[in-house]
Amino acid sequence: DIDITTTNGASIGGLAGTVSDSIIENCHVSGSIKVTNSSATLTVGGLVGNLIGSTTIKKSSSNTKIETTGKIDIVSGTGGLVGYVGGTGASEITESFSLGNITSNINAGGLVGATGLSTLSTSGTLTVEKSFSAVAIEIATNPKAAFGGLIGLGNATFTGTSINIKNSYATGSITKGNAGSAEIGGFIGKISGTIEIQGSWSLGDVGDTGDNVGLFVGTVTG
C-alpha cells in the first residue's frame, strides 16, 4: 500500500515508479495507491507509473484501488496497470490485465492512463494485445481530461508514432458527478493521431450525459 502527499511531479507504481527498456513478465500486484498532489504532473499505475523506451509487459496484472489528484496535463495519467506511456521506443503490453477501481481528476484508463509518444519522426509506438481491464473509474471532478475503460488519453500525433490495439477489451464502468467537459469512452476516452484498433470491444456503462461521451470512444481528433 502506498500513500503519498507531494508538491513535486512524481511517478508511482505498485511494482515500479518508472521503467525503461525492460521486460516485466509474470508480475502481479494488489493493494492500494493514494497520491495527493495539487500542483504538479503525476503518472500513477497499479503496476508501473511511467513506461518509457522499448519495454514489454507480459502476462502480468494489477488489482488495486487507486486515488489521485494532480495537475491536468497531457503528461499526467492514472492507469490500472500503467499510468503513462511515452518515450521513443516500441512499448508492448500483452496478455495482461487490470482489476480494481480508480478515482481521479487527471487522464485515467482502466489499463493505461495516457500516452504521449515521442516527437521524433521515426519512433514512439505502443502495442496492446490480448489484454483487458475490468476497472471501475470514478471521475473526482469533471475537468478537461480523458477517461476510458482501457485507455484514457491515446495520443500519437507526431509523425511516425502510433498506437495499435488488438484483441483486447474493457468492461469497467465510468461514473461522474455531472456532465462537465470530461471526454469519456467505454474503450478510449480520447483518440489523437494514429491509432489502429482490431478485434476489440467494451461493455462498461459510461452514462448518458455530456457532449464528449461515447460507448466506445469519447472524442476523436487528428
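What comes next concerns the included structure. In this convention, every chain numbers its residues from 1, walking through the sequence in written order. Side-chain atom pairs in this predicted model are given and counted only at pLDDT of 80 or more, local residue features only at pLDDT of at least 70, and totals for whole chains, interfaces and linings cover all residues. The basis for the side-chain values is all heavy atoms of the structure; hydrogens and waters are excluded.

### Quick word on the pairing of strand β12 (residues 90-94)
Regular strands show a simple pattern: their side chains alternate between the two faces of the sheet.
Part 1: Pairing between strand β8 (residues 56-58) and β12: three bridges, direction parallel. Bridging across to β12, Thr56 finds its partner in Glu92.
Part 2: Here the rule is simple: two strands pair whenever DSSP picks up at least two bridges between them. Secondary structure elements are taken from DSSP: a helix is a run of H or I of four residues or more, a strand is a run of E of two residues or more, and numbering for both begins at the N terminus. Sheet topology places β12 next to strand β16 (residues 125-129); five bridges connect them, and they run parallel. Residue pairing for β16: Glu92 is matched across the bridge by Thr127.

### A closer look at unusual backbone geometry
Part 1: In this model, Lys130 sits at a positive phi of 50 degrees, which is unusual for a non-glycine residue.
Part 2: In this fold, Lys130 is placed in the loop between β16 and β17 (132-139).
Part 3: Even without a glycine there, the phi angle at Asn167 is positive, about 50 degrees.
Part 4: Examined against the element boundaries, Asn167 turns out to sit in the loop between β20 (162-166) and β21 (169-170).

### Notes on the pattern of salt bridges
Part 1: We count a salt bridge whenever a side-chain nitrogen from Lys or Arg sits within 4 Å of a carboxyl oxygen from Asp or Glu. Overall, the coordinates contain one salt bridge when judged by the stated rule.
Part 2: With its nearest N and O atoms 4.0 Å apart, the salt bridge here joins Glu67 to Lys65.
Part 3: A simple rule labels every residue: compare its accessible area, found with a 1.4 Å probe on the protein chains alone, to the largest value its type can have, and call it buried under 20%, exposed over 50%, or partly exposed in between. With relative accessibility at 30%, the residue Glu67 sits in the partly exposed group.
Part 4: A relative accessible area of 44% means that Lys65 is categorised as partly exposed.

### Some details on the sheet that holds β8
Part 1: What the six strands build is an open sheet, ordered β4-β8-β12-β16-β20-β25; its pairing is parallel. Here the strands that pair on one side only, and so sit at the sheet edges, are β4 (23-25) and β25 (195-198). Looking at each pair of strands side by side, their axes are set apart by 5 degrees on average, direction ignored. In this analysis an axis means a line fitted to C-alpha atoms, helices contributing only their contacting stretch, and an angle means the value between N-to-C directions, from 0 to 180 degrees.

### Description of the nonpolar core
Part 1: One finds Ile57, Val82, Ile93, Leu150 and Ile165 to be the most contacted residues of the largest nonpolar core, which totals 27 residues.
Part 2: Contributing elements (two or more residues each) for this core: β3 (16-20), β7 (48-52), β11 (82-87), β15 (112-117), β16, β19 (151-156), β20 and β24 (188-193).
Part 3: In contact with Ile57, not counting residues within four places along its chain, are Ile24, Leu47, Val48, Leu51, Leu81, Val82, Glu92, Ile93, Thr94 and Ser96.
Part 4: Joining through side-chain atoms within 4.5 Å is the link that ties buried Ala, Val, Leu, Ile, Met, Phe, Trp, Tyr and Cys residues into a set, and such a set is a nonpolar core. The next biggest cluster of nonpolar side chains, apart from the first, holds 19 residues, and it includes Val44, Ile106, Ala108 and Ala182. Throughout, a residue-residue contact means that at least one pair of heavy atoms, one from each residue, lies within 4.5 Å.

Nothing here speaks to function; it is geometry throughout.
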